[in-house]
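Working through the structure, step by step
Here's the letter readout for the chains.
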Amino acid sequence: MNNIIIGKIVNTFGIKGELKVVSDFEMADRAFKKGNKIEIKNQTYTITNSRFHHHNYLIEVNNIKDINEVTHLIGNKISINKDELKLNDNEYLMCELYGYSVYNEDKLIGSVEEVTINKVNPLIKVNGHLIPINKNFIKEVNSKEKTIKCQNIDELIKEV
């Protein structure tokens, strides 16, 4: 199965069955869309309403309108099948970059050891060197071949 963790239920919100979800998932706005199927405690739910409120997502599942029917879900992680995100051919998830082969122009320099996702500039770590994931340094990410082609990184990977 191709499930990805997208958040954690931390509480309920109000009395009408909304779940308060904390998420740092890179495509949370796509994941928490009305109509998407999610999995909580090995059970599939459909998001019937979703909104962003004070840095959290508030979601309603399966049209449940009663707080008493959702309290047992508090503390559980939420996952989604990657297919629900409807990624285009040129889109990828940062969490999947681990192990991708990284090339500087046509020369293999190693594989992705670590991915650091932050608001300013996500980074990949290759052979101990950090490379920003932006168009100045990343020319192409090929999900099918699991490769990343870089450019302009000679100064970033230069041995000291």
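To keep things clear, this report deals only with the structure shown in the data block. Sequence positions are assigned chain by chain, starting from 1 and proceeding in written order. Where local features are concerned, this predicted model is filtered to residues with pLDDT of at least 70; where side-chain atom pairs are given and counted, the filter is 80 or more; whole-chain, interface and lining totals use all residues. Only hydrogens and water are removed before side-chain values are computed, so all heavy atoms of the structure are retained for them.

**Remarks on the pattern of salt bridges**
- Counted as salt bridges are all cases of a side-chain nitrogen of Lys or Arg within 4 Å of a carboxyl oxygen of Asp or Glu. A complete count under the given rule lists six salt bridges for this structure.
- Glu 60 is the partner of Lys 65 in a salt bridge, and the nearest nitrogen-oxygen pair spans 2.9 Å.
- Residue Glu 60 is classed as buried on the basis of its relative accessible area, which comes to 7%. Buried, partly exposed and exposed residues are distinguished by accessible area as a fraction of the type maximum, computed with a 1.4 Å probe on protein chains only: under 20%, between the cut-offs, and over 50%, respectively.

**Here we look at the packing of aromatic side chains**
- Here the aromatic set is Phe, Tyr and Trp, taking the six-membered ring for Trp, and pairing holds for ring centres within 6.5 Å; pairs whose planes are under 30 degrees apart are stacked, those over 60 apart are edge-to-face, and all others are tilted. All chains considered together, the criterion is met by two aromatic pairs.
- Measuring from ring centre to ring centre gives 4.9 Å for Phe 52 and Tyr 57, while their planes differ by 65°; the resulting arrangement is edge-to-face.
- On the accessibility criterion, Phe 52 (53% relative accessible area) is exposed.
- The class of Tyr 57 is buried, set by a relative accessible area of 13%.
- In textbook terms, an aromatic cluster arises when at least three aromatic residues are bridged by ring pairs, as seen for Phe 32, Phe 52 and Tyr 57.

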